[in-house]
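Given next are the chains, with one letter for each unit.
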Amino acid sequence: MPVCSMTMEKRHRDLITSNRVKLVREMFTERVVSKMRGGLLNESDVEDIVSEESPREKAEALLSILPRKGPRAFLAFVKALREVQSYLSVPFLKAADLPEIREEGDDSNDSGCTELSENSRVNQLPANVHSRLCALLDAAHVFGDNWERYTRCSNVLV
């Protein structure tokens, strides 16, 4: 009888680990969690995450829970991350070869960072500048008219 693994694949855990610092610093954890709530994350998981005090601690809590949620956790996380902050999902989409996410037809939630990345002049920018530009576009997409106030008050640009 085959044994079903209840842990995330090692290559997926390694991708999260290698991107952990950026995720902890920039991820809108509560928005990502809301996309995963009721599916992969149960109410106890959500409570453990949102009860943390700082945004960084919330991100750390989510990233600590994910590997224990089984092999589907990585795909669910990347999908949620793509919907909330598309630029943060790019390293996962490239390295993990997830065509089921890239081929989904609804781009209405995209902030425009994908189109921006396809511009050859933008691709000549240093990676850190490109990343910050995408962060600004995502903030504008998420916060609408309040995006400038948010970016001045947060560490998105730091």
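Everything discussed here concerns the structure shown above.
Residues of helix α4 (residues 43-50) that are buried include every one of Asp45, Val46 and Ile49, and no others. Relative to the axis of α4, the buried residues are bounded by an arc of 95° and lie together on one face. If you follow the buried residues of α4, they end up packed against α3 (29-36) and α5 (55-65). The backbone nitrogen of Ser44 has a side-chain oxygen 3.0 Å away, supplied by the residue at the start of α4, namely Asn42.

For the rest of this paragraph, the subject is α5. Where α5 is concerned, the buried positions are Lys58, Ala59, Ala61, Leu62, Leu63 and Ile65. In this structure, the buried side of α5 is in contact with α1 (10-18), α2 (20-26), α3, α4 and α6 (73-84).

Two numbers describe a pair of packed helices, the interaxial angle and the distance between the axes. The geometry of α3 relative to α5 is characterised by a closest axis approach of 9 Å and an angle of 35° between their N-to-C directions. For the pair α3 and α5, the contacting residues are Thr29, Glu30, Val32 and Val33 in the first and Pro55, Lys58, Ala59 and Leu62 in the second. Broken down by class, the residue content of the contact of α3 with α5 amounts to 5 nonpolar, 1 polar and 2 charged.

Criteria and thresholds
Residues numbered from 1 in each chain as written. Predicted model: local features only at pLDDT ≥ 70, side-chain atom pairs only at ≥ 80, totals over all residues. Heavy atoms only, no water. Buried < 20%, exposed > 50% of the residue type's maximum accessible area, 1.4 Å probe, protein only. Helix = DSSP H or I, 4+ residues; strand = E, 2+ residues; numbered from the N terminus. Arc of directions from axis to C-beta. Contact = heavy atoms within 4.5 Å. Polar contact = N/O pair within 3.5 Å; in protein donor to acceptor, adjacent residues only side chain to side chain. Axes fitted to C-alpha atoms, helices over the stretch in contact; angles between N-to-C directions. Nonpolar A, V, L, I, M, F, W, Y, C, P; charged D, E, K, R; others polar.

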